[in-house]
Amino acid sequence: MSVGERLMMIAKLLTIFPARLAVNILRMLVLSVVHRMNIRWGLLSAVVRTTFSTLTGKEIQKLQPTTRQEYGKFIKYAAKRWSAPNFKSRVVYDVQELNKGVDDSAILWLGDRKKAKKVVLFIHGGGYVLPASDGHFFWPWNTYVMAGVEAGVETAVACLQYTLGPRGVLPMPLRQTVAAYEEIRAQGFLPRDIVIGGDSAGGNLTMQFLGHALHAQPGVPDVKLTEPLGGAFLVSPYLGRADTGPSFTRFGNNDMVSRDIILKLARELIPEGMFEIVRAKQDPWSLPLEAEHGWFQDFDSVVPKLYITWGEREAMGDHSVAIIETLKREAPGVDLVSYQAPKELHDGILIEHLFKKPSTNAKKMKTWFKSVITQ
């Protein structure tokens, strides 16, 4: 960051940020009490909302630990908490660079990939500008690696570190997802042994990948699918420009994301001066809800099992409902499981793991995942 950019960031942190944070905290406290929601979750949502609405991607990344730093901290934490000899090979700092010298993309491994029979390609959320949090590592460890231990099916998780906006303009994150998938395949895993998924922007990138496997996106390397994937999961995904529906109208002022925040984040992913031009183009990969009728036919040839979850009181809830309706209509062969978490906001399963208290969201995801890896 330049000196001018640093001064601007400091000015925001001293003036705009605390004022907005106070308003958002007050609002979320009232809502949490009135609707009997978890107060800690509401306060966290207030902080995230203030961060997204006030700071640029570069400013956020200057203040936050990097994805790889959070990964390193989690590995140290996990090595202490799961110190039994049979876990030693599962909690190893294991980073695979994908395009060394070209970009910062990498696979950050959880679990023992050398012994694994199943792999989860996990894509963290954060509006394409936030690095992964520690919750983004505890979640896949608890829900996928530990589910594999409990089910007797060794499972590793390939956490994707992709290039964040504004450097990671579309479709760079998709190219990096394809590269991660091909690296997993190169290690001997069949498509049926791979599950892919993520939260929020990670859910969007998951759908970009699945859409690309069904209809190749120009300028992105092809996905070589010799058979369907094992499964996929979407947590509170962003899937289209439909931001004036009932959920946005009811909860847009009461969640960690809003219509204005989504538009602000979208500008971070598009080259300067190209926003209106790019937005006017049809893009069924990053905006699958705007795909033409029939786009999802044969979707079960890419992924036969899909899990979708979202919060009852989240602004983007309509996106989850709409994609479920679309898939039921156009791809009835998909075994689709969904869960709407009562009284919850955006990204409930992540919040559970941020507070180190996995609960209903984690249990339901874990149950679904076990059914996928043990069939």
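In the block above lies the structure referred to throughout.
Residues numbered from 1 in each chain as written. Predicted model: local features only at pLDDT ≥ 70, side-chain atom pairs only at ≥ 80, totals over all residues. Heavy atoms only, no water.

## Comments concerning the overall build of the chain
In terms of regular secondary structure, the chain is built from 14 helices and eight strands. Here the chain has a C-alpha radius of gyration of 20 Å; the compact-globule value for 375 residues is 21 Å, and the two agree. If you line up the chain on its principal axes, its C-alpha atoms span 55 × 50 × 45 Å. Here the chain, with 375 residues, has 57% of them falling under the buried criterion. Within the chain, contacts between residues at least 6 apart in sequence are counted, and of these 80% link residues at least 24 apart. Of the accessible surface of the chain, which amounts to about 15900 Å², a share of 56% is contributed by carbon and sulfur atoms. The positive charge centre, built from 45 side chains, and the negative charge centre, built from 37, are 7 Å apart in the chain. (Helix = DSSP H or I, 4+ residues; strand = E, 2+ residues; numbered from the N terminus. Rg over C-alpha atoms; globule rule 2.2 N^0.38 Å. Buried < 20%, exposed > 50% of the residue type's maximum accessible area, 1.4 Å probe, protein only. Contact = heavy atoms within 4.5 Å. Areas by Shrake-Rupley, 256 points an atom, 1.4 Å probe, with all protein chains shown as cover. Lys, Arg positive; Asp, Glu negative; His and termini not counted. Charge placed at Lys NZ, Arg CZ, Asp CG, Glu CD.)

## A closer look at the pairing of strand 7 (residues 305-311)
Working note: regular strand, side chains alternate between the two faces of the sheet. For strand 7, a buried count of seven out of seven residues is recorded, marking the element as mostly surrounded by other parts of the structure. With burial as the criterion, each face of strand 7 is covered, one bearing Lys305, Tyr307, Thr309 and Gly311 and the other bearing Leu306, Ile308 and Trp310. Direction of pairing for strand 6 (residues 231-235) relative to strand 7: parallel, over a ladder of four bridges. The residue bridging Ala232 from the neighbouring strand is Leu306, located in strand 7. Bridge count for strand 7 against strand 8 (residues 335-341) is seven bridges, and the pairing is parallel. The residue of strand 8 that forms the bridge with Thr309 is Tyr339. The parallel pair strand 7 and strand 8 is bridged by helix 12 (residues 317-330), and the resulting crossover is right-handed. (Pairing = 2+ DSSP bridges. Right-handed = clockwise from strand over helix to strand, strands pointing away.)

## Description of the sheet that holds strand 3 (residues 118-123)
Across the sheet, eight strands lie side by side as 1-2-4-3-5-6-7-8; this open sheet has mixed pairing. Each end of this open sheet is capped by a strand with a single partner; those strands are strand 1 (95-97) and strand 8. On average, adjacent strands in this sheet sit at an angle of 20° to one another, irrespective of strand direction. Across six bridges, strand 3 lies against strand 4 (residues 155-161) in parallel orientation. Within strand 4, the position partnered with Leu121 by the bridge is Ala158. Each of strand 7 and strand 8 touches helix 12; the most contacted strand, strand 7, lies at about 155° to it. (Axes fitted to C-alpha atoms, helices over the stretch in contact; angles between N-to-C directions.)

## Topic: the pairing of strand 3
With six of six residues buried, strand 3 lies mostly within the body of the structure. A two-sided burial pattern is seen for strand 3, the buried positions comprising Lys118, Val120 and Phe122 on one face and Val119, Leu121 and Ile123 on the other. After leaving strand 3, the chain enters helix 6 (residues 135-151) and then returns to the sheet as strand 4, a path that is right-handed. When strand 3 meets strand 5 (residues 194-199), the two strands line up parallel, connected through five bridges. Looking at strand 5, one finds that Ile123 is bridged to Gly198.

## Description of helix 7 (residues 172-186)
Helix length check: helix 7 (15 residues) gives 21 Å between terminal C-alpha atoms against 21 Å at 1.5 Å per residue, within 8%. Those residues of helix 7 that fall on the buried side of the exposure criterion are Pro173, Leu174, Gln176, Thr177, Val178, Ala180, Tyr181 and Ile184. Residues of helix 7 that are buried in the fold lie against strand 2 (106-110), strand 3, strand 4, strand 5 and helix 8 (201-214). Looking one or two residues past helix 7, Gly188 carries a phi angle of roughly 100°, positive in sign. (Expected span 1.5 Å × (residues − 1).)

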